[in-house]
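Survey of secondary and tertiary structure
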Amino acid sequence: MNVTDKAKDPWLVLLFSLPSERASERVGVWRKLQRYGALPLPSSGYVLPAGAQNQENFEWLAASIRGSKGKASVLQVQSMDDLPPEVLQEQFREARAADYQALIKEVRKLKPAAKGSSPQVSRYRRRFEEIASLDFFDSPLRAKAEEALARAERPLSVPQPESKRRLSKTDYQNRIWITRPRPGIDRVSSAWLIAR
């Protein structure tokens, strides 16, 4: 019998079942699994890379499932015969790539006025950090998403006037001025037109 070293078990698997009348709990568990970045296994269960935070998340979720009159087990697995580690890692990268692509698309839709330090950009930054915390195997789209966010966070450059010239009285003579009939005190704010 082989005894495996706990540190060499790279995967955590959560197996669970809930009674059929517990639909709302089932949806709640599914949402938490999505938030943790867990991948569904083809047969049943969910997988995450081994780590202290992932272990804690799965154990807490298993306790929650058992509290809802369900059954749950958290397994530490060294390997799966039908899913080599490279395939699982690529599936994790693909899952995060979809999240990064959606974020990049939203950031690129930002109007120029919303760029800089707007609440929208801050919300996208928080979303990026959430996705990055679930990016266990460094998705190639992470750098593109970070670059798009950096561009959105840069304040708009206000075009500077080419030269500040001194105004002269002759620039405003022989012009047609628009005012309303019987102008009052607001006469200074009326606009002017250039004569042909």
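Conventions we followed
Residues numbered from 1 in each chain as written. Predicted model: local features only at pLDDT ≥ 70, side-chain atom pairs only at ≥ 80, totals over all residues. Heavy atoms only, no water. Helix = DSSP H or I, 4+ residues; strand = E, 2+ residues; numbered from the N terminus. Expected span 1.5 Å × (residues − 1). Buried < 20%, exposed > 50% of the residue type's maximum accessible area, 1.4 Å probe, protein only. Arc of directions from axis to C-beta. Contact = heavy atoms within 4.5 Å. Core = buried A, V, L, I, M, F, W, Y, C linked by side-chain atoms within 4.5 Å. Phe/Tyr/Trp six-rings, centres within 6.5 Å; stacked < 30°, edge-to-face > 60°. Pairing = 2+ DSSP bridges. Axes fitted to C-alpha atoms, helices over the stretch in contact; angles between N-to-C directions.

Between its terminal C-alpha atoms helix α1 (residues 23-36) stretches 20 Å, which fits the 20 Å expected from 14 residues at 1.5 Å a residue. Turning to α1, its buried residues are V29, L33 and Y36. Down the axis of α1, the sector holding all buried residues measures 60 degrees, keeping them to one side. Seen from the open side of α1, the exposed residues pointing more than 90 degrees away from its buried face are S24, R31 and R35. In this fold, the buried residues of α1 make contact with β1 (11-17), β3 (46-49) and α2 (52-67). In the stretch just after α1, G37 is the one whose phi turns positive, near 80 degrees.

Where a protein is soluble and globular, its nonpolar side chains tend to be buried together. Counting residues in each nonpolar core, the largest one holds 25 residues, and the members touching the most others are W11, L33, V47, F58 and M80. Other than its neighbours up to four places away in sequence, V47 contacts W11, L12, V13, A38, L39, L41, F58, M80, L88 and F92. Residues I104, V107, F128 and I131 belong to the second largest nonpolar core, which totals 16 residues.

This part covers the packing of aromatic side chains. Tallied over the full model, the rule gives six aromatic pairs. Ring geometry for F16 against Y46: centres 6.3 Å apart, planes inclined by 20 degrees, an arrangement best described as stacked. Of this pair, F16 sits in strand β1 while Y46 sits in strand β3; the two residues are 30 residues apart in sequence, bridging distant segments of the chain. Here the aromatic rings of F92 and F137 are separated by 5.7 Å at their centres, their planes lie at 50 degrees, and the arrangement is tilted. A residue pair is termed long-range when its members are at least 10 positions apart, and F92 in helix α3 (residues 85-108) and F137 in the loop between α4 (119-133) and α5 (141-153) qualify at 45 residues. Summarising the burial analysis for this pair, F92 and F137 share the class buried. Taken together, the aromatic side chains of W11, F92, F136 and F137 make up a single cluster linked through ring pairs.

Strand pairs in the sheet, formed through backbone hydrogen bonds, run parallel or antiparallel to each other. The four strands are arranged β2-β3-β1-β4 in an open sheet whose pairing can be described as antiparallel. Two strands bound the open sheet, and with one partner strand each, they are β2 (39-40) and β4 (71-77). Where β2 lies against β3, two bridges are found, and the strand directions are antiparallel. The partner of L39 across the bridge, within β3, is V47. Across the sheet, α2 lies against β1, β3 and β4, angled at about 160 degrees from β4, the strand it touches most.

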